[in-house]
Amino acid sequence: MLRLLGPVVVVLTLVLLASGVALLLVSGTWLPLLLTVHTASFVLWFGAMTIHVLGHLGEVFRLAPRDWLRRTRREVTGAGRVPTPMASSCSRSPGPR
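Being a predicted model, the structure only gives us computed values, none of them experimental. (Residues numbered from 1 in each chain as written. Predicted model: local features only at pLDDT ≥ 70, side-chain atom pairs only at ≥ 80, totals over all residues. Heavy atoms only, no water.)

(A) Layout of the packing of aromatic side chains. Counting across every chain of the model gives two aromatic pairs. An angle of 35 degrees between the planes, with centres 5.9 Å apart, marks the rings of F42 and F46 as tilted. With F42 and F46 both in helix α2 (residues 31–77) and four residues apart, this pair spans about one turn of that helix. Taking the relative accessible area as the measure of exposure, F42 reaches 40% and is therefore partly exposed. A connected cluster of aromatic rings, assembled from ring pairs, spans F42, W45 and F46. (Phe/Tyr/Trp six-rings, centres within 6.5 Å; stacked < 30°, edge-to-face > 60°. Helix = DSSP H or I, 4+ residues; strand = E, 2+ residues; numbered from the N terminus. Buried < 20%, exposed > 50% of the residue type's maximum accessible area, 1.4 Å probe, protein only.)

What follows is the structure, given as structure tokens:
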């Protein structure tokens, strides 16, 4: 369902952005129509984004604890650290060969 919702979110985002910019640039008789389009596109965009975010909550609750525990474990054990160079290799200059 989220894959089908993706293009809808993209189109609604573009309509919302375009109507907002048009509201800034246009005056006169077009204003009420643009305001209606902008308001309607916002309501639809907000609904689509709410479904999109709620649809990903399952992944967040499943994956976030794993990432948190993995990072915490690395910090405690010191795994994943980049080894520091030895003093003898730092003191030598590369020099010409």
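(B) View of the environment of H56. In this structure, H56 sits in helix α2. Polar contacts involving the side chain of H56 include one to the side chain of E59, which spans 3.0 Å. (Polar contact = N/O pair within 3.5 Å; in protein donor to acceptor, adjacent residues only side chain to side chain.)

(C) Main features of a nonpolar patch on the surface. On the surface, a nonpolar cluster with roughly 450 Å² of combined accessible area is contributed by V11, V15, W30, L33 and V37. Listing elements by their share of the nonpolar patch, those giving two or more residues are α1 (2–25) and α2. With respect to the helices and strands, the residue L33 is situated in helix α2. By relative accessible area, L33 is classed as partly exposed at 46%. (Patch = residues over 30% accessible without salt bridge, like charges linked within 9 Å, V, L, I, M, F, W, Y side chains within 5 Å. Areas by Shrake-Rupley, 256 points an atom, 1.4 Å probe, with all protein chains shown as cover. Salt bridge = Lys/Arg side-chain N within 4 Å of Asp/Glu carboxyl O.)

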